[in-house]
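# Coordinates in review
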Amino acid sequence: MKLSDRLGRRPRKPFHSAIATTFAVEFAAVEEIMLPQLMASGATNLLLIADDRMAAMALSDGSRLPIALGREYALHSPPASDGIFHPKIILQLGRETGRAFVSSANATGAGLGGNVEIAIEIEAGNEDGPEREILRAIWQYLSTLVPEEASPTRDALRWSRERTPWLDGPVGAPLKELDDGSAIGFLHSASDRGIADQFVEWVGEEKVRKLIVVSPYWDSDLRALSEMATALSPKEIILPIDSERHEFPVDAHFAKKVRLVDLDCPASRFTHAKIFVAMTKHHDHVLFGSANCTTAALSGAGGNAEACVYRRLTSGTAVDALGLDRWIDADRLELSDLAEREDAPEIPLKALEARRPGSFELDQGSLFWQPPNDEAGEGAIQLLNRTGAALADIPVASFASVGTRRAVPIDLDLQQKLFFARLVRGEFVSTTAHVSHRQALKERRREAASGQVARALSHFTDGTEFELWMHEAFETLVRADFSQSKERAAIASA
């Protein structure tokens, strides 16, 4: 089943917010596939967190520009680091319920519908328990990605937090025991230890009979795999590989110590899933999510931002669920059987980082600009419409300093047409950046109602603006409709 098909399912009380993270982004896929599904679940407060350089490339590579970005959903990019921002999480929040997907899928057409990906869905209802604790841990991780300073993205987090009271509560131990005897843990690279170290710790002292690793990308010397093998001491290492399209380093010394088997997936689909399965006598220990089998992804000093989920299952459960028999029982694939390695074109991350113009926000009639590295320099800010056509050039010297930001008033007609901006300085032209319309994002945030509440609100909301406090007043008056309680409610003195 496609990940996108799972996002639109609406609980009894709709979700109000959704937060998604990604490395690669295609805004057409976001706006035509992901957002409609998230909105179908009730969410109107939408936040996308993407790698800074990949978002810049998506806005500057000639692809069709997004039309809802900055007005219907907010975008945040954590500062670029030595690694990449690589987690793939979708968190949906409601007043009493929550749902999270941790996966290998980017917010691209291929990730949402074309590739072979792996994902886990974690849902929590009214009762407290390990599922809610996992969602709280995911929320805390996502919240740390956005600075505390006032911004459209911090607005989105604050709004969702105020309407999700159950986020107040314990996160508990990282590894959580479930009622069926299995266990689950949320792992991310922002912790003190690397993801691989945490995985090895949870496998514990059990003797690993087989280690199965599926990964589209590898270290050139298989260092991450070698180190994991040293820690787990598996009797056999099985690596399913696409013999025709692969990036496996056949010349690596450690490649001779593993058993390669045919990946056996449809040739028309790229296998982008990342899976680690340590099979012992009593358990299948499964790690999956965004992390490839590379040092950058798995090591504590790797540099990438990653997010994964660990599952401890009864022996044989993962074999059945993931169809691992086709690899365990497969014939050996010799290194000489592999086609010549085809390295993917390198993404020019450094060049993209050097060309970034900073961030732009429209608020209260002024355009606020946060220059890269807090340095404004010279040149002009070129304002662009929804198709990327130039509207006007504003000299950098016209911006007044407001703390670390710069600001300049913009007339109303230009505000309505403004979608994007870039920095032009002589022959230098920056990548394109979106403009966040802070007021438009605020006005879009509404909690979806149902039943009597929805019918009552329709008289006010059809074609008119309606303040959230009045919405909440109506919810209070007919809260019995939400709870579907058959008992007569006691009249409170308040």
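This text goes with the structure placed above it.
Residues numbered from 1 in each chain as written. Predicted model: local features only at pLDDT ≥ 70, side-chain atom pairs only at ≥ 80, totals over all residues. Heavy atoms only, no water.

## So, the pattern of salt bridges
Selection rule: Salt bridges, as used here, are contacts in which a Lys or Arg side-chain nitrogen is within 4 Å of a carboxyl oxygen on Asp or Glu. Think of it in three bands: with a 1.4 Å probe and only protein chains considered, a residue is buried below 20% of the maximum accessible area for its type, exposed above 50%, and partly exposed in between. What counts as a helix is a DSSP run of H or I of at least four residues, what counts as a strand is a run of E of at least two, and both are numbered from the N terminus.
For the coordinates displayed, the defined rule picks out 25 salt bridges. A salt bridge links arginine 193 to glutamate 201; the shortest N-O distance between them is 2.0 Å. With a relative accessible area of 37%, arginine 193 lands in the partly exposed category. With a shortest N-O distance of 2.6 Å, arginine 259 and glutamate 236 are connected by a salt bridge. Here arginine 259 is found in strand E11 (residues 259-262), whereas its partner glutamate 236 is found in strand E10 (residues 236-241), with 23 residues between them in sequence. According to the relative accessible area criterion, arginine 259 is buried, its value standing at 10%.

## A look at empty space enclosed by the protein
One water molecule sets the probe size; rolling that probe over the atoms shows where empty space is left. Quick reminder of the rule: A cavity, in this analysis, means grid points on a 1 Å lattice covering only the protein atoms where a 1.4 Å probe fits yet has no way out; a pocket is instead an open set bounded by protein on both sides within 12 Å along at least five of seven lines, and a residue lines either one if it has an atom within 4 Å of a point. Grid points are joined across faces, edges and corners, and a volume is the space filled by probe spheres set on the points. In the scheme used here, Gly and all other residues not listed as nonpolar or charged are polar, with Ala, Val, Leu, Ile, Met, Phe, Trp, Tyr, Cys and Pro taken as nonpolar and Asp, Glu, Lys and Arg as charged.
Tallied over the full model, the rule gives three cavities of 30 Å³ or more. Roughly 70 Å³ of volume is contained in the largest cavity. In terms of lining residues, the largest cavity is bounded by 13 residues, among which Leu3, Thr21, Ile90, Ser103 and Ala105 are the most central. Secondary structure elements with two or more residues in the lining of the largest cavity: strand E1 (17-22), strand E4 (89-93) and strand E5 (98-103). When grouped by side-chain class, the residues that make up the lining of the largest cavity number eight nonpolar, four polar and one charged. Taken as a whole, the second largest cavity spans an internal volume of roughly 50 Å³. Around the second largest cavity, the lining residues are Ala18, Ile19, Ala20, Met34, Leu35, Leu38, Leu46, Leu47, Leu48 and Tyr73. For the lining of the second largest cavity, the secondary-structure elements that each account for two or more residues are E1, helix H2 (27-40) and strand E2 (45-50). Classifying every residue of the lining of the second largest cavity by side-chain character gives ten nonpolar, no polar and no charged.

## Brief notes about the state of the cysteines
Let me state the cut-off plainly: Disulfides are defined as cysteine sulfur pairs within 2.5 Å.
Inspection of every chain in the model, using the stated rule, returns zero disulfides. No disulfide involves cysteine 293; its sulfur sits 11 Å from the nearest other cysteine sulfur, which is in cysteine 308. Since its relative accessible area comes to 2%, cysteine 293 is described here as buried.

## Quick notes on the environment of phenylalanine 420
Definition in use: In this description, contact between two residues means that some pair of their heavy atoms is separated by no more than 4.5 Å.
Looking at where phenylalanine 420 falls in the secondary structure, it is placed in strand E21 (residues 420-425). Counting along the chain gives 13 residues from phenylalanine 420 to alanine 433, while the straight-line C-alpha distance between them is 5.6 Å. Discounting residues that sit within four places of it in the chain, phenylalanine 420 has contacts with Leu59, Leu65, Pro66, Gln382, Leu383, Leu384, Asn385, Arg386, Thr432, Ala433, His434 and Val435.

## Points about the packing of helix H7 (residues 195-203) against helix H8 (residues 223-232)
Rule in force here: Here an angle of 0 to 180 degrees is reported between the N-to-C directions of two axes, which are lines fitted to C-alpha atoms, with helices fitted over the stretch in contact. Any angle that is under 35 degrees is reported as roughly parallel, and any over 145 degrees as roughly antiparallel; angles of 65 to 115 degrees are reported as roughly perpendicular and all others as oblique. In this scheme, a crossing is called left-handed if the near helix is turned counterclockwise away from the far one by less than a right angle; it is called right-handed if the turn is clockwise.
Across the interface, H7 lies against H8 with an axial gap of 10 Å and an inter-helix angle of 20°. The orientation of H7 relative to H8 falls into the category roughly parallel. At the point where H7 passes H8, the crossing takes the right-handed sense. Within the contact between the two elements, H7 uses Ala196, Phe199, Val200 and Val203 and H8 uses Met228, Ala231 and Leu232. In terms of residue class, the contact of H7 with H8 is made up of seven nonpolar, no polar and no charged.

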